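Each chain, written out:
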Amino acid sequence: MANEVAAVLSPAAKKCGFKDKGYICYEEDAQESVVLRELLDKKLWNIPDRIKDKGQFEEKLNQSIRQYNPEYWRARQSGREAAEAVRSTAPAKEAAR
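Residues numbered from 1 in each chain as written. Predicted model: local features only at pLDDT ≥ 70, side-chain atom pairs only at ≥ 80, totals over all residues. Heavy atoms only, no water.

Caption draft 1: Spotlight on the overall build of the chain. A tally of helices and strands in the chain yields 5 helices and 2 strands. In sequence order, the chain lays out its α and β elements as α-α-β-β-α-α-α. Across the 97 residues in the chain, those meeting the buried criterion constitute 29%. Put simply, of all contacts in the chain between residues at least 6 apart along the chain, 48% involve residues at least 24 apart. (Helix = DSSP H or I, 4+ residues; strand = E, 2+ residues; numbered from the N terminus. Buried < 20%, exposed > 50% of the residue type's maximum accessible area, 1.4 Å probe, protein only. Contact = heavy atoms within 4.5 Å.)

Shown next as structure tokens:
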């Protein structure tokens, strides 16, 4: 994976890959789902139109991650929960006068 693309991945996602000749590489059967999940979450990739059931595709992606990359899944969920907690406790902006 080119350094420009790797720069958008979380540290947890980078740990799922391996270095080869200066690139972060991901095994296509078990680790590619981590990269796709990250890109989906960051709205940098969309599920292709040829995939008719996008919800099922996303669930299979999540199942693969939970099975083969449980540490990444836990880190992702912790980060999402922390972000939600910050959003729910942030003070409301004052109304413009």
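Caption draft 2: A look at the nonpolar core. If you look at the biggest cluster of nonpolar residues, it comprises 12 residues: Ala 6, Leu 9, Ala 13, Cys 16, Ile 24, Tyr 26, Val 34, Val 35, Leu 39, Ile 65, Tyr 72 and Trp 73. Contributions of two or more residues to this core are made by helix H2 (11–16), helix H3 (32–41) and helix H5 (70–89). Top contributing element to this core by residue count: H3, with 3 residues. With residues up to four places along the chain from it excluded, the contact list for Tyr 72 reads Ser 10, Ala 12, Ala 13, Cys 16, Val 34, Arg 37, Glu 38 and Ile 65. Judged by nonpolar contacts, the second largest core, of 5 residues, contains Leu 36, Leu 40, Ile 47 and Leu 61. (Core = buried A, V, L, I, M, F, W, Y, C linked by side-chain atoms within 4.5 Å.)

Caption draft 3: Structural view of the packing of aromatic side chains. All told, the structure shown has 1 aromatic pair when counted by the stated rule. Arranged with centres 6.3 Å apart and planes meeting at 45°, the rings of Trp 45 and Phe 57 form a pair that is tilted. Placement of the pair is Trp 45 in the loop between H3 and helix H4 (54–68) and Phe 57 in helix H4, with a sequence separation of 12 residues. Looking at Arg 66, its charged tip hangs above the ring of Trp 73, at a distance of 5.1 Å from the centre. (Phe/Tyr/Trp six-rings, centres within 6.5 Å; stacked < 30°, edge-to-face > 60°. Lys NZ or Arg CZ within 6 Å of the ring centre and 35° of its normal.)

Caption draft 4: Representation of a negative patch on the surface. On the surface, Glu 27, Glu 28, Asp 29 and Glu 32 cluster together into a patch of negative charge. Assignment of secondary structure puts Glu 27 in the loop between strand S2 (23–25) and H3. (Patch = residues over 30% accessible without salt bridge, like charges linked within 9 Å, V, L, I, M, F, W, Y side chains within 5 Å. Areas by Shrake-Rupley, 256 points an atom, 1.4 Å probe, with all protein chains shown as cover. Salt bridge = Lys/Arg side-chain N within 4 Å of Asp/Glu carboxyl O. Lys, Arg positive; Asp, Glu negative; His and termini not counted. Charge placed at Lys NZ, Arg CZ, Asp CG, Glu CD.)

Caption draft 5: Local environment of the packing of H3 against H4. Between H3 and H4, the least distance of the axes is 9 Å, while the angle of their chain directions is 130°. Viewed along their axes, H3 and H4 adopt a mutual orientation that is oblique. You can see that H3 and H4 cross each other, and the crossing is left-handed. In this structure, H3 uses Ser 33, Val 34, Leu 36, Arg 37 and Leu 40 to contact H4, whose residues at the interface are Glu 58, Leu 61, Asn 62, Ser 64 and Ile 65. Residues belonging to the contact of H3 with H4 are distributed by class as follows: 5 nonpolar, 3 polar and 2 charged. (Axes fitted to C-alpha atoms, helices over the stretch in contact; angles between N-to-C directions. Parallel < 35°, antiparallel > 145°, perpendicular 65-115°, else oblique. Left-handed = near helix turned anticlockwise from the far one by under 90°. Nonpolar A, V, L, I, M, F, W, Y, C, P; charged D, E, K, R; others polar.)

Caption draft 6: Expanded view of the pattern of salt bridges. Enumeration over the complete set of coordinates arrives at 5 salt bridges. Between Glu 58 and Arg 37 there is a salt bridge, with the nearest N and O atoms lying 2.8 Å from each other. Here the residue Glu 58 occupies a position in helix H4, and Arg 37 occupies one in helix H3, the gap between them amounting to 21 residues. Between Asp 41 and Arg 76 there is a salt bridge; the shortest N-O distance is 2.7 Å. Of this pair, Asp 41 sits in helix H3 while Arg 76 is found in helix H5, placing the two residues 35 residues apart along the sequence. Among the charged side chains, a network of salt bridges with common partners joins Arg 37, Asp 41, Glu 58 and Arg 76.

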